[in-house]
Amino acid sequence: MRDNKLSLWERYLTREIGIEFKACLYFFAILFYYSVYRIAVGRWDADILHMAEMILSCYAICYVQVFLFRNFDEADSLGPVEIAGILVCTAVYGLLAYFLGWLDMNIPVILGLAAYLIVTYLCVYFIYKTKRRIDDKQLNEDLRLFKIDHEKVQDSGQ
C-alpha cells in the first residue's frame, strides 16, 4: 500500500514546474516592458538575443528566488528575507538590462523597469496569497462535505 506522502520525484517536479511558471511569467513581464520601450523610441522590432538573455536570466533568477530567498513571491508574509529577495532580484534584472543593453543603457528607463518589477513581484505575491486563501476555503468545504457523507454512511450502518 502506497502512503499519501509525495515522493522525492513528485516534490522535485512540483518545484520545477513552479520555477518554470515563474520564469515564463517574469519573462513576459520584462518582454512587455521591453516592447513598450522599443515602440516608444520608434523601433518596431525586438532583438532575439535580448529575448534569449531575458528568458535565461529569468530562469536563473527564479532559481535564486526559490532556493536563496525562500520563494518570496509565494511566502505567507513579507519579512526581511522576502523583501531582500525582491530587492536583490530586481537589482540583478536592472544590472542585466544595463550591461546587456536591453534598454539602450537608459538609466531612467532601467529604474522604471525596476519599479515595474517590484510592483509585479508584489502583485504576484498577493495573487498567490489570495489563491491559497481560496484553496483553503475549498479544502475546508470539501472536508465538511466529506464529514457529512461519512456520518451518513456510519448512521446507515447502525
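Read on for a plain summary of the structure.

What counts and what doesn't
- Residues numbered from 1 in each chain as written.
- Predicted model: local features only at pLDDT ≥ 70, side-chain atom pairs only at ≥ 80, totals over all residues.
- Heavy atoms only, no water.
- Helix = DSSP H or I, 4+ residues; strand = E, 2+ residues; numbered from the N terminus.
- Rg over C-alpha atoms; globule rule 2.2 N^0.38 Å.
- Contact = heavy atoms within 4.5 Å.
- Salt bridge = Lys/Arg side-chain N within 4 Å of Asp/Glu carboxyl O.
- 1 Å grid on protein atoms, 1.4 Å probe; cavity = no way out; pocket = protein on both sides within 12 Å on 5 of 7 lines; lining within 4 Å.
- Points joined across faces, edges and corners; volume = space filled by probe spheres on them.
- Nonpolar A, V, L, I, M, F, W, Y, C, P; charged D, E, K, R; others polar.
- Buried < 20%, exposed > 50% of the residue type's maximum accessible area, 1.4 Å probe, protein only.

For the protein, the helix and strand inventory stands at 4 helices and 0 strands. Taken from the N to the C terminus, the helices and strands of the protein come in the order α-α-α-α. For the protein, the C-alpha radius of gyration of 21 Å lies well beyond 15 Å, the compact-globule estimate for 158 residues. Taken over the C-alpha atoms alone, the protein extends approximately 80 × 35 × 30 Å along its principal axes. Excluding contacts between residues fewer than 6 apart, the proportion of contacts in the protein whose partners are at least 24 apart in sequence is 70%.

Below, the discussion takes up the pattern of salt bridges. Applying the stated criterion to the full structure yields 8 salt bridges. Lys 22 is paired through a salt bridge with Glu 74; the nearest N and O atoms lie 2.7 Å apart. Of the two residues, Lys 22 sits in helix H1 (residues 8-40) while Glu 74 sits in the loop between helix H2 (48-67) and helix H3 (80-99), which places them 52 residues apart along the sequence. Glu 82 is the salt-bridge partner of Arg 70, the closest N and O atoms lying 3.4 Å from each other. One end of the pair, Arg 70, is in the loop between H2 and H3; the other, Glu 82, is in helix H3, and 12 residues separate them in sequence. One network of salt bridges, with partners in common, ties together Lys 22, Asp 73 and Glu 74.

Our next topic: the layout of surface pockets. Approximately 250 Å³ is the volume found for the largest pocket. Along the wall of the largest pocket there are 13 residues; nearest its centre are Thr 14, Arg 15, Gly 18, Asn 71 and Glu 74. In terms of residue count, the dominant contributor to the lining of the largest pocket is H1 (8 residues). In terms of residue class, the lining of the largest pocket is built from 5 nonpolar, 3 polar and 5 charged.

A word on unusual backbone geometry. A positive phi angle is found at Asp 104, which is not glycine, with a value near 55°. By secondary structure assignment, the location of Asp 104 is in the loop between H3 and helix H4 (107-157). With a relative accessible area of 35%, Asp 104 lands in the partly exposed category.

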